[in-house]
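A structural walkthrough
Below are the chains, spelled out letter by letter.
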Amino acid sequence: MSIRFDSMVPIPSNHPLLRLVSSLVLAITAMALSVPAAHADPRAPSCAAGELPGPRPPAAGTGATAPITVLLADGQVFFRLGMQAAIAGQPDLACVAEVGDGAAAVAEIQRLRPDVALVDLDLPGLDSAAPADFAATRVLALAGEHTDENLYRALRLGAAGFLPRSGPVDGLLAAVRTAVHGTVLLDPALTRRLVTRLSAGADPFPAAPELGTLTPRERQVLGLIAHGKTNPEIAQALGIGEQTVKTHVSRVLTKLGVRDRVHAAVYAHTHRVEI
């Protein structure tokens, strides 16, 4: 098994607006790239919102091979639209499904058995996934930041690659083609640094200091938020009123310095909060 790393520029900032702009640029660029191929071959595989029946079989008597089947699992709809358009313009690739949360990603991967899955590490509901959940599918983990913590999360999923989600379209498509042949796409320097931290024996990723400001009840609420629970579901699980839940959620967001419950869930998964 060879090791290769495709150098791609990481997102320069964590600001949500910059991530949105990056996704918009990706979508527009990918759609533009797909136009010539779509005109050249109207039978080229595409992926509308949701699931497609599956990859196009080889043409009889042509000796053509079946396209590489790809599943997209990402929380940003513009990213999924951009990648769908890019894949539609590639005769050797076929998008079989696209999903926006971790539980759906696992379920669809198990049902459709795609060759490769592009999976956003920050998807809600992905925290409980394990390598066995992905069967023979090669998982390419995407993250906003190329950090030791994110690499560790990718390795826990058994990912064949760890890539910045802000990478260029052609780089992501090339990664799909590379991964399907068994090549691992990991940054050797990042991997060595992570191994050094793990070999120290202590917890390599200590809890963020903000977590110490949460009360036991607020940590419970954060854990349920990370599992995608709604306020009524949290109220039922904890045996408290919905207004009390709203108060706890507001305090959790304030103490963690995040703007909404989605970012609170991402925070919990990123900092490995026990949930």
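Just so it is clear, the model here is predicted, and its values are computed rather than measured.

Reading the values: rules and limits
Residues numbered from 1 in each chain as written. Predicted model: local features only at pLDDT ≥ 70, side-chain atom pairs only at ≥ 80, totals over all residues. Heavy atoms only, no water. Helix = DSSP H or I, 4+ residues; strand = E, 2+ residues; numbered from the N terminus. Buried < 20%, exposed > 50% of the residue type's maximum accessible area, 1.4 Å probe, protein only. Contact = heavy atoms within 4.5 Å. Areas by Shrake-Rupley, 256 points an atom, 1.4 Å probe, with all protein chains shown as cover. Phe/Tyr/Trp six-rings, centres within 6.5 Å; stacked < 30°, edge-to-face > 60°. Lys NZ or Arg CZ within 6 Å of the ring centre and 35° of its normal. Pairing = 2+ DSSP bridges. Right-handed = clockwise from strand over helix to strand, strands pointing away. Axes fitted to C-alpha atoms, helices over the stretch in contact; angles between N-to-C directions. Parallel < 35°, antiparallel > 145°, perpendicular 65-115°, else oblique. Nonpolar A, V, L, I, M, F, W, Y, C, P; charged D, E, K, R; others polar. Core = buried A, V, L, I, M, F, W, Y, C linked by side-chain atoms within 4.5 Å. Polar contact = N/O pair within 3.5 Å; in protein donor to acceptor, adjacent residues only side chain to side chain. Salt bridge = Lys/Arg side-chain N within 4 Å of Asp/Glu carboxyl O. Left-handed = near helix turned anticlockwise from the far one by under 90°. Patch = residues over 30% accessible without salt bridge, like charges linked within 9 Å, V, L, I, M, F, W, Y side chains within 5 Å. pLDDT = per-residue confidence, 0-100.

Along the protein, the regular secondary structure elements total 10 helices and 7 strands. The 275 residues of the protein split such that 43% are buried. Sequence separation of 24 or more characterises 66% of the internal contacts of the protein that already satisfy a separation of 6 or more. Counting only carbon and sulfur atoms, one obtains 59% of the accessible surface of the protein, whose full area is about 13,200 Å².

Throughout the structure, instances matching the rule amount to 0 aromatic pairs. In this arrangement the basic side chain of Arg165 is found over the ring face of Phe79, its NZ or CZ atom lying 4.8 Å from the centre.

Two faces, one strand: in a regular strand the side chains alternate between the faces of the sheet. Burial within strand E3 (residues 93-99) is extensive, with 7 of its 7 residues counted as buried. In terms of strand pairing, strand E2 (residues 68-73) meets E3 through 6 bridges, oriented parallel. Counted as the bridge partner of Thr69 is Ala94 from E3. Taken together, E2, helix H2 (residues 77-88) and E3 form a β-α-β motif whose crossover is right-handed.

Helix H9 (residues 242-256) packs onto helix H8 (residues 231-238) with a crossing angle of 105 degrees between their chain directions and a minimal axis gap of 9 Å. Our classification of the angle between H8 and H9 gives roughly perpendicular. Contact with H8, carried on its side by Asn231, Pro232, Ile234 and Ala235, involves Glu242, Val245, Lys246 and Val249 of H9 and no other residues of that element. Tallied by class, residues from the contact of H8 with H9 come to 5 nonpolar, 1 polar and 2 charged.

Attention now moves to the nonpolar core. Grouped together as the largest cluster of nonpolar side chains are 27 residues, with contacts concentrated most on Leu71, Ala73, Val119, Leu121, Leu126, Phe134 and Phe162. Once you skip the residues sitting within four places of it in the chain, Val119 turns out to touch Ala73, Leu126, Val139, Leu140, Ala141 and Leu142. In terms of nonpolar packing, the next biggest core, distinct from the first, is built from 22 residues, Leu222, Ile225, Leu238 and Val252 among them.

This brings us to the side chain of Arg80. Note that Arg80 resides in helix H2. Judged by its relative accessible area of 12%, Arg80 falls in the buried class. For Arg80, the side chain forms a polar contact with the main-chain oxygen of Asp74, separated by 2.6 Å. When sequence neighbours within four positions are dropped, the list of residues in contact with Arg80 reads Leu72, Asp74, Gly75, Glu98, Val99 and Gly100.

The next thing to look at is the pattern of salt bridges. Across all of its chains, the model carries 6 salt bridges by this definition. For the salt bridge of Asp92 with Arg177, the shortest nitrogen-to-oxygen distance reads 2.6 Å. Taken together, the residues span a long stretch of sequence, with Asp92 in the loop between H2 and E3 and Arg177 in helix H5 (residues 169-179) at a distance of 85 residues.

Glancing now at the packing of H2 against H5. For the pair H2 and H5, interaxial distance at closest approach is 11 Å and the crossing angle is 65 degrees. The orientation of H2 relative to H5 falls into the category roughly perpendicular. Along this stretch, H2 crosses H5, giving a crossing that reads as right-handed. Between H2, through Phe79, Met83, Ala86 and Ile87, and H5, the contact on the second element is made entirely by Val169, Leu172 and Leu173.

Okay, unusual backbone geometry next. In this structure, Arg113 is a non-glycine residue whose phi angle is positive, near 50 degrees. Within the secondary structure, Arg113 is located in the loop between helix H3 (102-112) and strand E4 (116-120). According to the relative accessible area criterion, Arg113 is exposed, its value standing at 53%. Although it is not a glycine, Ala135 adopts a positive phi angle of roughly 50 degrees. Position of Ala135 relative to the elements: it lies in the loop between E4 and strand E5 (138-143).

What follows concerns a nonpolar patch on the surface. On the surface, Val77, Phe78 and Leu81 cluster together to form a nonpolar patch covering roughly 220 Å² of accessible area. In this structure, Leu81 sits in helix H2. The exposure class assigned to Leu81 is partly exposed, which follows from its relative accessible area of 35%.

The element E2 is extensively covered by neighbouring structure, given that 6 of its 6 residues are classed as buried. Along E2, one buried face is formed by Ile68, Val70 and Leu72 and the opposite face, lined by Thr69, Leu71 and Ala73, is buried too.

What follows is about the confidence of the model for the protein. Should the pLDDT be low somewhere, the predicted coordinates at that spot are not to be read in detail. Overall, the prediction assigns the protein a mean pLDDT of 75, with 71% of residues at 70 or greater. E2 holds the highest mean pLDDT among the elements of the protein, 96, whereas helix H1 (residues 16-40) holds the lowest, 41. Counting contacts from residues 1-46, a segment whose pLDDT is below 50, to residues more than four positions away or on other chains yields 72 contacts. Predicted confidence is poor over residues 48-62, with pLDDT under 50, and the contacts of this stretch with residues over four places away or in other chains come to 30 contacts.

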